[in-house]
Amino acid sequence: MSARESTYSRPTAPLRLLAVHAHPDDEASKGAAMMASYAAAGVEVMVATCTGGERGSILNPGAEDDPAGKRDLAGLRRREMAASQAALGIQHRWLGFADSGLPEGDPLPDLPFGCFALQPLERAAAPLVKLVREFRPHVIISYDENGGYPHPDHIMAHKVAVEAFAAAGDPERYPGTGAAWESSKLYYDRAFNPERFRALHFALEEAGLQSPYAERIAAWQETDTEGHQPPAPTHATTTQIECGDFFEVRDEALRSHRTQVDPNGFFFAVSPDLQRKVWPWEDYSLIESRVETELPETDLFAGIR
């Protein structure tokens, strides 16, 4: 981790945070409570959505017969995104790339021509570099190298976020996209943190409730013959943001994505009250810092404020 002072990101008021996501609905399932809590505290929060999600499927059984979804899924998902944005109290920008879809089959089919995941890196990153130079975030958040999970658009979202963090502060790179701005910190989201799932799983079992995480826990235990620990994460949690008071806001954002989120499904299996009791945080890995900070952190802006 570099601890050098940033040339371009000296703290100003208000603080600014940019989260880079692959599809509409990702912002609601990854870091929504954190973003809502910072927005409520006066931080300017922006979500950049790389694609329109137009090659997605309708994942909520209750929305399968919605004529708008069958006629114009891309348009409907834009309206869902606007509702999620309003619920979270954040800003939003579309980067304008075509959804790559999730390839299935053996062998996997080729990705669609012109889709986001097939773009040359500099072409894919240019709109995000432009946004970073315009919005001037102090903190950028994205996915890890595996995309959080290995969807081609998530992996490309990771690549463009890392590229923008590295390049936006260099005035020689990406000419024509605005004045250079160097963000201070880069984090990876840990929405799939195994420790969190285990804690919620055992809390449900102790309460005599059915856990939706049993299959996932069993898979982790197969990696440990003693059955004690989840697999070691690629990036350990360095930063936990307490945001339990905003779990209901997160759930409102999730329900805004009606085509993608079943209101009776996985995301709502644990009540907000139980989550607040067991795991009132959202978890992040600090990947690079250009300011001095001490780990572990409880604030994404530690060292910047």
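One can find the structure itself at the top, above this paragraph.
Here's what I pulled together on the structure shown here. (Residues numbered from 1 in each chain as written. Predicted model: local features only at pLDDT ≥ 70, side-chain atom pairs only at ≥ 80, totals over all residues. Heavy atoms only, no water.)

### Let's talk about the packing of helix H5 (residues 121–135) against helix H6 (residues 152–167)
No. 1: For the pair H5 and H6, interaxial distance at closest approach is 8 Å and the crossing angle is 55°. Judged by the inter-axis angle, H5 sits oblique to H6. Of the two elements, H5 crosses H6, and the hand of that crossing is right-handed. Here Leu 121, Ala 124, Ala 125, Leu 128, Val 129, Val 132 and Arg 133 of H5 come into contact with H6, specifically with Met 156, Lys 159, Val 160, Ala 161, Glu 163, Ala 164 and Ala 167.
No. 2: A per-class count over the contact of H5 with H6 returns 11 nonpolar, no polar and three charged. (Axes fitted to C-alpha atoms, helices over the stretch in contact; angles between N-to-C directions. Helix = DSSP H or I, 4+ residues; strand = E, 2+ residues; numbered from the N terminus. Parallel < 35°, antiparallel > 145°, perpendicular 65-115°, else oblique. Left-handed = near helix turned anticlockwise from the far one by under 90°. Contact = heavy atoms within 4.5 Å. Nonpolar A, V, L, I, M, F, W, Y, C, P; charged D, E, K, R; others polar.)

### A short note on the packing of aromatic side chains
No. 1: Taken as a whole and judged by the stated rule, the model has eight aromatic pairs.
No. 2: On the numbers, 5.2 Å between centres and 85° between planes, the contact of Trp 279 with Trp 281 is edge-to-face.
No. 3: Here Trp 279 falls in the buried class, since its relative accessible area comes to 12%.
No. 4: Site record: aromatic cluster; members linked through ring pairs are Phe 197, Tyr 213, Phe 266 and Phe 267.
No. 5: Its end group placed over the ring of Phe 197, Arg 196 keeps NZ or CZ at 5.6 Å from the ring centre.
No. 6: Arg 290 extends its terminal NZ or CZ atom over the ring of Phe 165, reaching a point 3.9 Å from the ring centre. (Phe/Tyr/Trp six-rings, centres within 6.5 Å; stacked < 30°, edge-to-face > 60°. Buried < 20%, exposed > 50% of the residue type's maximum accessible area, 1.4 Å probe, protein only. Lys NZ or Arg CZ within 6 Å of the ring centre and 35° of its normal.)

### Considerations on the pairing of strand E5 (residues 185–189)
On any regular strand, side chains alternate: one points to one face of the sheet, the next to the other face.
No. 1: The buried fraction of E5 is high, at five of five residues.
No. 2: Here E5 shows a buried face lined by Lys 185, Tyr 187 and Asp 189 and a second buried face lined by Leu 186 and Tyr 188.
No. 3: Across four bridges, strand E4 (residues 139–142) lies against E5 in parallel orientation. Among the inter-strand pairings, Ile 141 is bridged to a residue of E5, identified as Tyr 187.
No. 4: Note that E5 and strand E7 (residues 281–289) share five bridges and pair antiparallel. Residue pairing for E7: Asp 189 is matched across the bridge by Tyr 284. (Pairing = 2+ DSSP bridges.)

### Topic: the nonpolar core
No. 1: Among the nonpolar cores identified, the biggest contains 33 residues, and Leu 17, Met 34, Tyr 38, Leu 300 and Phe 301 are the most heavily contacted of them.
No. 2: Every element with two or more residues in this core is listed here: strand E1 (16–21), helix H2 (32–40), strand E2 (44–51), helix H4 (73–88), E4, helix H9 (247–256) and E7.
No. 3: It is H2 that provides the largest number of residues to this core, a total of seven residues.
No. 4: With near-sequence residues (within four places) excluded, Leu 300 lies in contact with Leu 17, Met 34, Tyr 38, Val 139, Ile 141, Lys 185, Tyr 187, Thr 239, Ile 241 and Tyr 284. (Core = buried A, V, L, I, M, F, W, Y, C linked by side-chain atoms within 4.5 Å.)

### Some details on the pattern of salt bridges
No. 1: Under the defined criterion, the tally for this structure stands at 13 salt bridges.
No. 2: Close ionic contact of Arg 173 with Glu 163 constitutes a salt bridge, the shortest N to O distance being 2.6 Å. One end of the pair, Arg 173, is in the loop between H6 and E5; the other, Glu 163, is in helix H6, and 10 residues separate them in sequence.
No. 3: In this structure, the salt-bridge partner of Asp 251 is Arg 250, at a minimum N-O distance of 3.0 Å.
No. 4: Here the salt bridges share partners, and the residues they tie into one network are Glu 182, Glu 288 and Arg 290. (Salt bridge = Lys/Arg side-chain N within 4 Å of Asp/Glu carboxyl O.)

### What to know about H6
No. 1: For H6, which comprises 16 residues, the first-to-last C-alpha distance of 22 Å matches the rise-based estimate of 22 Å (1.5 Å per residue) to within 8%.
No. 2: Most of H6 is tucked away, with 12 of its 16 residues classed as buried.
No. 3: Taken together, the buried positions of H6 are occupied by Pro 152, Asp 153, His 154, Met 156, Ala 157, His 158, Val 160, Ala 161, Glu 163, Ala 164, Phe 165 and Ala 167. (Expected span 1.5 Å × (residues − 1).)

### Digging into the sheet that holds strand E3 (residues 91–97)
No. 1: Strand order in this open sheet of seven strands is E3-E2-E1-E4-E5-E7-E6, and the pairing throughout is mixed. What marks the edges here is a single partner per strand, and that holds for E3 and strand E6 (239–242). Each strand axis lies, on average, 25° off the axis of its neighbour in the sheet, ignoring direction.
No. 2: Relative to E7, E6 runs antiparallel, the two sharing four bridges. Counted as the bridge partner of Ile 241 is Glu 282 from E7.
No. 3: Lying over the sheet, H5 contacts E1, E2, E3 and E4, oriented at roughly 160° with respect to E3.

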